[in-house]
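Chain by chain, the residues run as shown.
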Amino acid sequence: MKRLRIKLTAFNTLITGTILLCLTALCLGISEESGRAEAFQNFGTQLATAATYLQGQERVRMQWFSQLEAAGNLHAAVTDGGYPLFSVGFDPERTGSAADMARAIAAREYGMPKGNQSFSCIFSMTAEDGTDYFAAVAKIPKGDSALELTLLRPLEDLEQRFVRQRLRVGLGAAVAVGLLGAFSWGFTGRVLRPVAESRQRQNRFIAAASHELRTPLTSILSAAAAMERAEGADRETFSQVIAREGRRMGQLIEDMLALASADSGGWQMHKRPVEPDMLLLECYETFAPQARERGLGLRLLLPEESPKITADPDRISQALSILMDNALSYTPSPGTVTLGLQTVGRRLRIFVADTGPGVPDGEKKQIFQRFHRSETARTDRNHFGLGLSIAAEIAAAHQGRLWVEDNPGGGAIFFLELP
């Protein structure tokens, strides 16, 4: 079971982790694309601001561009009729520079005019040294000439920001996958717990059934072996032992098959409208002779009116027979067993009360477990500890319940409540 839990945990973590990582990568990609688009838009705004400044100022000051560079990580170069006026961040006279590359791209791909016509373009490029830039080239007519502005914005800081963001998101995703793994471990454990408990119950059931079957089987085999050597009346005695133990084994097998059918969902219920007082009357008449033989008093308490219920009459009678048989078996003479019926709200409550030894508080729930018998019932060879389990299954199949309480007059009182 532990290996199954590990496999399920790994599978759940793998599937949910993969989905989480894919969604994280998608969101991260969208975020980075949005960041680049925003940076590109800001760069365009800076180009427009710089062009407006050059257009409106008689004297262009390098200090203004230095402030622009400091604020926006920009490199700028301004020429007048091809003559360099100033630059910030690079040397426009150096051949092969990023500024030369930007002007070449503007001329080649965007058709930058050679005259004094107004012009601007903005694009992305990668310099010869591998540095990525946002680049812009603009011509601003001014008198008889034109100022040429080249702006470059290195993207190293943007990429570094993206790298830091990826690390943070990756760390968060790793923590999330770890938490998913821990959750999957706990969840699969909780899901598998009923399976494990069912398996343990099944193993205990098989072990207990094997033990219970071994007892009558041993008696049958011993009696059969002795019968081969016996003569006359002794053979008849051993024959009776074989028949008695065979009946015990048959009853045990029948009870185990009933519980197995209930566990597998193959226990069919044929429900129909039933008069519960008639079921109790039939049960009373069935067990009255047995009560007289044991020297016990048997009482029947019925209300003047009782509502009909929808139930399987055969199964309800089976549950009543189990409760009555237990009560008569464990009640010493002279004692009294009471079979009664009462309504509580919209539910019907059947009860079987006895004046026997009662059920200790520590066993009030255990007695409904399979093969459980109280210490006072250990010597009873006709009860295997399955009857109350079957009765509880019948109650559950009718959306009802079965429980036991102390009888105020001494003994125990079992309640079978049905809707």
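Rules of the game
The written sequence of each chain sets the order in which its residues are numbered from 1. Note on the predicted model: pLDDT of at least 70 is required for a residue's local features to be given, and 80 or more for side-chain atom pairs to be given and counted; whole-chain, interface and lining totals, by contrast, use all residues. Heavy atoms throughout the structure, all of them, feed into the side-chain values; hydrogens and water do not. Elements are defined by DSSP. Helices are runs of H or I of four residues or more, strands are runs of E of two residues or more, and each kind is numbered from the N terminus. Accessibility here uses a 1.4 Å probe with only protein chains present; expressed as a share of the type maximum, an area under 20% marks a residue as buried, one over 50% as exposed, and anything in between as partly exposed. Whether two residues are in contact is decided by their heavy atoms, any of which lying within 4.5 Å being enough. Surface accessibility follows the Shrake-Rupley procedure with a 1.4 Å probe radius. Residue values consider only the protein chains on display as shielding. For two strands to be treated as a pair, DSSP must find at least two bridges joining them. Only the stretch in contact is used when fitting a helix axis, every axis being a line fitted to C-alpha atoms; angles between N-to-C directions are given from 0 to 180 degrees. Only centres within 6.5 Å qualify two rings of Phe, Tyr or Trp (six-membered ring in Trp) as a pair; their planes then separate them into stacked at under 30 degrees, edge-to-face at over 60, and tilted for everything else. Only buried residues count toward a nonpolar core. Its members are Ala, Val, Leu, Ile, Met, Phe, Trp, Tyr and Cys residues joined through side-chain atoms within 4.5 Å. A clockwise turn of the near helix away from the far one marks a right-handed crossing, whereas an anticlockwise turn of less than a right angle marks a left-handed crossing. Classes in brief: Ala, Val, Leu, Ile, Met, Phe, Trp, Tyr, Cys and Pro nonpolar; Asp, Glu, Lys and Arg charged; the others, Gly included, polar. By definition, pLDDT measures how confident the predictor is in each residue, and it falls between 0 and 100.

Student: How would you sum up the overall build of the protein? Please name residues and give values.
Tutor: Along the backbone of the protein there are eight helices and twelve strands. Split into buried and exposed, the 419 residues of the protein put 39% on the buried side. Long-range pairs, those at least 24 residues apart, make up 64% of the contacts in the protein with a sequence separation of at least 6. Of the roughly 24,000 Å² that the protein leaves accessible, carbon and sulfur atoms contribute 54%.

Student: Quick one: what's the story with the sheet that holds strand β7 (residues 297–301), residue by residue and with numbers?
Tutor: Strand order in the open sheet formed by five strands is β7-β9-β10-β12-β11, and the pairing between neighbours is mixed. Strand pairing shows two members of the sheet lacking a second neighbour, β7 and β11 (401–406), which therefore form its edges. In this sheet, adjacent strand axes meet at a mean angle of 15° when their direction is disregarded. Pairing of strand β10 (residues 347–354) with strand β12 (residues 412–418) involves six bridges; the strand directions are antiparallel. Bridge assignment links Arg349 to a residue of β12, and that residue is Glu417. Where helix α6 (residues 276–293) meets the sheet, it contacts β7, β9 (336–344) and β10, and its direction lies at approximately 175° from that of β7.

Student: Residues and numbers for the packing of aromatic side chains, please.
Tutor: Scanning all chains against the criterion turns up six aromatic pairs. Aromatic pair Phe40 and Phe134: ring centres 5.0 Å apart, planes at 80°, arrangement edge-to-face. Of this pair, Phe40 sits in helix α1 (residues 2–56) while Phe134 sits in strand β4 (residues 132–142), placing them 94 residues apart in sequence. Accessibility expressed as a relative area gives 29% for Phe40, which makes it partly exposed. Geometrically, the ring pair formed by Phe351 and Phe415 is tilted, given 6.4 Å between the ring centres and 50° between the ring planes. Of this pair, Phe351 sits in strand β10 while Phe415 sits in strand β12, and the two are 64 residues apart along the sequence.

Student: Account for the nonpolar core, with residues named and values stated.
Tutor: Formed by 40 residues in total, the largest nonpolar core has its most connected members in Leu320, Met324, Leu339 and Phe414. Of all the elements in the fold, those that place two or more residues in this core are α6, β8 (309–311), α7 (313–330), β9, β10, α8 (387–397), β11 and β12. Take this core: its biggest share by element is eight residues, from α7. Here Met324 is in contact with Cys283, Phe287, Leu298, Val337, Leu339 and Val352, once residues within four sequence places are set aside. Listed in part, the 21 residues of the second largest apolar core include Leu74, Ala76, Ala136 and Leu155.

Student: Describe the packing of α7 against α8, and please don't skip the residues or the numbers.
Tutor: Interhelical geometry of α7 versus α8 gives an angle of 145° and a closest axis separation of 9 Å. Classified by chirality, the crossing of α8 by α7 is left-handed. Judged by residue contacts, Arg315, Ile316, Gln318, Ala319, Ile322, Leu323 and Asn326 of α7 engage Gly387, Leu388, Ile390, Ala391 and Ile394 from α8. Considering only residue class, the contact of α7 with α8 consists of eight nonpolar, three polar and one charged.

Student: Can you explain the confidence of the model for the protein? Please cite residues and give values.
Tutor: Averaged over the protein, the pLDDT score is 82; the fraction of residues at 70 or greater is 86%. Confidence over residues 375–381 falls short of pLDDT 50; this stretch has eleven contacts with residues more than four positions distant or in other chains.

Student: Outline the environment of Met101, supporting the account with residue identities and numerical values.
Tutor: The topology assignment puts Met101 in helix α3 (residues 98–109). The partly exposed category is assigned to Met101, whose relative accessible area is 26%. Setting aside its immediate chain neighbours within four residues, Met101 contacts Met125, Thr126, Ala127 and Glu128.

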